[in-house]
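# Examination of the molecular architecture
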Amino acid sequence: MIYAGEMAVGAILLEDLEEEPCCYHLHELLIDGKYQRKGFGIQAVTLLLSRLKLERKYPRVEAAVHEEKWGAIRLFEKAGFRMTSYIDSAAPWNRSMVYEL
């Protein structure tokens, strides 16, 4: 969960993918609409990445972002993710982003 004080404002869903290529997969980054564009998303992703760097179970974090969600794409780029050329045929509207730990 992501909190502003004691108020839950969002959530992150992270999965360990243990099949090759092994990685952390960021399934969801959800911020309540009332709290978007207030810095909660970037703070949550930055904190998550710092904890995953310490854990070092996998060498990277992957995320799939809908191609029309430009705010989310910019947020991930600001956090250090880069766009890849991979396109999942089951979800061709998503863009694959990766962060190398």
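Above this text is the structure in question.
For the structure given in this document, a descriptive report is provided here. (Residues numbered from 1 in each chain as written. Predicted model: local features only at pLDDT ≥ 70, side-chain atom pairs only at ≥ 80, totals over all residues. Heavy atoms only, no water.)

### So, the packing of aromatic side chains
- If you walk through the whole model with that rule in mind, you get 4 aromatic pairs.
- Judged by centre distance (6.0 Å) and plane angle (80°), the ring pair of Tyr 35 and Phe 40 falls under edge-to-face.
- Considering the side-chain rings of Phe 81 and Tyr 99, the 5.5 Å spacing of their centres and the 50° angle between planes classify their relative orientation as tilted. Taken together, the residues Phe 81 in the loop between α2 (70-79) and β5 (82-83) and Tyr 99 in strand β6 (residues 94-100) connect sequence positions 18 residues apart.
- A residue is classified by how much of its surface remains accessible, and Phe 81, at 4% relative accessible area, is buried.
- In this structure Tyr 99 comes out as buried when scored by relative accessible area, which is 10%. (Phe/Tyr/Trp six-rings, centres within 6.5 Å; stacked < 30°, edge-to-face > 60°. Helix = DSSP H or I, 4+ residues; strand = E, 2+ residues; numbered from the N terminus. Buried < 20%, exposed > 50% of the residue type's maximum accessible area, 1.4 Å probe, protein only.)

### Section: unusual backbone geometry
- A cis amide bond, omega -5°, links Glu 20 with the succeeding residue Pro 21.
- Position of Pro 21 among the secondary structure elements: in the loop between β2 (7-17) and β3 (23-31).
- The residue Arg 37 is not glycine, and still its phi comes out positive at about 65°.
- Structurally, Arg 37 is set in the loop between β3 and α1 (40-55).

### A short note on the sheet that holds β2
- Read from one edge of the open sheet, 6 strands run β1-β2-β3-β4-β6-β5, paired in mixed fashion. In the strand order of this sheet, the two ends are held by β1 (2-4) and β5, each with one partner.
- In this structure, β3 lies alongside strand β4 (residues 60-66), joined through 3 bridges in parallel fashion. Bridged to Tyr 24 within β4 is Val 61.
- α1 contacts β1, β2, β3, β4 and β6 of the sheet and is inclined by roughly 160° relative to β3.
- Along the sheet face, α2 touches β3, β4, β5 and β6 and points at about 160° away from the line of β4. (Pairing = 2+ DSSP bridges. Contact = heavy atoms within 4.5 Å. Axes fitted to C-alpha atoms, helices over the stretch in contact; angles between N-to-C directions.)

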